[in-house]
Amino acid sequence: MKDLKYLISVLVGAMSYGILSTIVVLAYGKGYQLGEVVGTQLLTGCILAWLLAVYTKVKENRKQKSRGIPAAATQRVSTALTWKHRLLLMLAGAPTVLTGLLYYQSLRYIPASLAIILLFQFTWISVLIQAVSKRQRPDKITLLTLLLLFGGTLLAAGILDQGAAHFNMLGLTLGLLSAVSYSMFIIFSGKAVPAAHPAYRSAWMITGGFVLLCILFPPTFIFNGLLWGQLLLYGFLLGLFGAFIPPVLFAIGVPHIGGGMAGILGAAELPVAVLLSSFVLHEHVSWLQWTGVIIVLIGVVLPELYKLRWKNTRVITS
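**Focus: the overall build of the protein chain**
Right, so step 1: Each helix and strand in the protein chain was counted, giving 15 helices and zero strands.
Right, so step 2: The buried share among the 318 residues of the protein chain stands at 47%.
Right, so step 3: Taking the contacts inside the protein chain whose residues are at least 6 apart along the sequence as the reference set, 87% of them involve residues at least 24 apart.
Right, so step 4: Summed over its atoms, the accessible surface of the protein chain is roughly 16800 Å², and 70% of this surface lies on carbon and sulfur atoms.

Given below as structure tokens:
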């Protein structure tokens, strides 16, 4: 029952990401612009993340004091991050802003069900980047995975039954670039001060992203009164489901279930996004596209299942 709690935690975190594209399309329908949508998301996420960081710090201080540790030592523990660490975390948070900008902008030109498929190409792009950087040829299971992802994407995107000319090339390009950016975020975020507490890491990474966004899109919506309309609702939902809930739930669940199982459960983002785009946004998703979604999901979970099976086999034989 205890393991089930952690499994559900990671599953709900992944499903939260799948809600974002639908909220963004609804916000666009109300006339809001890209900078306003992403800006309110990061502003909300930043506030929530720092509230969690402050709560974590207070909780740590109380725990240290209850153990009889002097106040000075408690302060040193709670401020373990140096400014160099904080700057690294802020820089590591920059790609997630680029991902949001590219992904959300693609939703202006292509359906949400297609945009999420393109974003999911980060799976094979990450493998390609690591293979090139490490100069290692992918193994057979990785090549099979890439083949499944490529074939599933052609079906899920509707290219085979509708033709590539049916889609906006700018939207397709933005969607693929969002996958590249997300791949870079995964690589950089995993290497940036991994020993720091997840609450502090998330807060500084989101802060870095918000600073970058303010440079690219000055947050005029804060001062012109636009924030206090429906934009605040959309921004709060995006910040809650995109910048706050997933990192918190992943921090709770992943250490207990392992990265392999987390990778499998993380694929839940894809069907949730496609389902919502179909039922809420009334986008047409054919059975051929649903078949492609299933194939993509198989491609995502296949290497993780293979690793788990290989690990269990080694345990049994030893």
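**Overview of helix 5 (residues 83-92)**
Right, so step 1: Every buried residue of helix 5 is accounted for by Arg86, Leu89, Met90 and Ala92. For helix 5, the buried positions fall inside an angular range of 160 degrees around the axis, keeping them on one side. With respect to the buried face of helix 5, the exposed residues turned more than 90 degrees away are Trp83, Lys84 and Leu91.

**Some thoughts on the packing of helix 3 (residues 34-66) against helix 6 (residues 94-106)**
Right, so step 1: For the pair helix 3 and helix 6, the least separation of the axes is 10 Å and the interaxial angle reads 140 degrees. On the basis of the axis angle, helix 3 is oblique to helix 6. Along this stretch, helix 3 crosses helix 6, giving a crossing that reads as right-handed. Contact with helix 3, carried on its side by Leu34, Val37, Val38, Gln41 and Leu42, involves Val97, Gly100, Leu101, Tyr104 and Gln105 of helix 6 and no other residues of that element.

**Let's talk about the confidence of the model for the protein chain**
Right, so step 1: Of the residues in the protein chain, 86% reach a pLDDT of 70 or more, and the chain-wide mean stands at 81.
Right, so step 2: Of all secondary-structure elements in the protein chain, the lowest mean pLDDT belongs to helix 4 (residues 71-78), at 47, while helix 2 (residues 20-29) reaches the highest, 92.
Right, so step 3: The model gives residues 73-79 a pLDDT under 50, and that stretch makes ten contacts with residues more than four places away or in other chains.

**Quick notes on the packing of aromatic side chains**
Right, so step 1: One pass over the structure, following the stated rule, counts four aromatic pairs.
Right, so step 2: Taking the centre distance of 5.0 Å and the plane angle of 85 degrees together, the rings of Trp50 and Trp204 count as edge-to-face. Of this pair, Trp50 sits in helix 3 while Trp204 is found in helix 12 (residues 198-216), placing the two residues 154 residues apart along the sequence.
Right, so step 3: Ring plane angle 75 degrees and centroid distance 5.7 Å describe the contact between Trp83 and Trp204, whose orientation is recorded as edge-to-face. Residue Trp83 is found in helix 5, and its partner Trp204 is found in helix 12; the two are separated by 121 residues along the sequence.
Right, so step 4: With a relative accessible area of 14%, Trp204 lands in the buried category.
Right, so step 5: Linked through ring pairs, Trp50, Trp83 and Trp204 together constitute an aromatic cluster.
Right, so step 6: The cationic tip of Arg86 hangs over the ring face of Trp83; the distance from NZ or CZ to the ring centre is 4.5 Å.

**Concerning the nonpolar core**
Right, so step 1: Of all hydrophobic cores here, the largest spans 67 residues; its most connected members are Val37, Tyr104, Ile116 and Leu270.
Right, so step 2: Top contributing element to this core by residue count: helix 3, with eight residues.
Right, so step 3: In this structure Ile116 touches Tyr103, Glu269, Leu270, Ala273 and Val274, once residues within four positions along its chain are discounted.

**Things to note about unusual backbone geometry**
Right, so step 1: Backbone geometry places His282, a non-glycine residue, at a positive phi of 60 degrees.
Right, so step 2: By the element assignment, His282 lies in the loop between helix 14 (269-279) and helix 15 (287-317).
Right, so step 3: Classification of His282 as exposed rests on a relative accessible area of 66%.

**Section: the side chain of Ser16**
Right, so step 1: With respect to the helices and strands, the residue Ser16 is situated in helix 1 (residues 2-17).
Right, so step 2: The exposure class assigned to Ser16 is buried, which follows from its relative accessible area of 4%.
Right, so step 3: Engagement of the side chain of Ser16 in a polar contact is seen with the backbone oxygen of Val12, the distance being 2.8 Å.

**With respect to the environment of Leu281**
Right, so step 1: Positionally, Leu281 belongs in the loop between helix 14 and helix 15.
Right, so step 2: Relative accessible area serves as the criterion here: at 18%, Leu281 is assigned to the buried category.
Right, so step 3: For the pair Leu281 and Ser113, spaced 168 residues apart in sequence, the C-alpha separation works out to 9.7 Å.
Right, so step 4: Beyond its immediate sequence surroundings of up to four residues, Leu281 is in contact with Thr22, Val25, Leu26, Ala112 and Leu276.

**Here we look at a nonpolar patch on the surface**
Right, so step 1: Together, Leu26, Leu275, Phe279 and Val280 line one region of the surface with nonpolar side chains, adding up to about 360 Å² of accessible area.
Right, so step 2: For Leu26, the location among the structural elements is in helix 2.
Right, so step 3: Overall, Leu26 belongs to the partly exposed group, its relative accessible area being 36%.

**Concerning the environment of Thr153**
Right, so step 1: Inspection of the secondary structure puts Thr153 in helix 9 (residues 140-156).
Right, so step 2: In the structure, Thr153 is positioned 141 residues away from Ile294 in sequence and 9.9 Å away in space, judged by C-alpha atoms.
Right, so step 3: Excluding residues within four positions of it along the chain, Thr153 makes contact with Ile117, Gln121 and Val296.

About the cut-offs
Residues numbered from 1 in each chain as written. Predicted model: local features only at pLDDT ≥ 70, side-chain atom pairs only at ≥ 80, totals over all residues. Heavy atoms only, no water. Helix = DSSP H or I, 4+ residues; strand = E, 2+ residues; numbered from the N terminus. Buried < 20%, exposed > 50% of the residue type's maximum accessible area, 1.4 Å probe, protein only. Contact = heavy atoms within 4.5 Å. Areas by Shrake-Rupley, 256 points an atom, 1.4 Å probe, with all protein chains shown as cover. Arc of directions from axis to C-beta. Axes fitted to C-alpha atoms, helices over the stretch in contact; angles between N-to-C directions. Parallel < 35°, antiparallel > 145°, perpendicular 65-115°, else oblique. Left-handed = near helix turned anticlockwise from the far one by under 90°. pLDDT = per-residue confidence, 0-100. Phe/Tyr/Trp six-rings, centres within 6.5 Å; stacked < 30°, edge-to-face > 60°. Lys NZ or Arg CZ within 6 Å of the ring centre and 35° of its normal. Core = buried A, V, L, I, M, F, W, Y, C linked by side-chain atoms within 4.5 Å. Polar contact = N/O pair within 3.5 Å; in protein donor to acceptor, adjacent residues only side chain to side chain. Patch = residues over 30% accessible without salt bridge, like charges linked within 9 Å, V, L, I, M, F, W, Y side chains within 5 Å. Salt bridge = Lys/Arg side-chain N within 4 Å of Asp/Glu carboxyl O.

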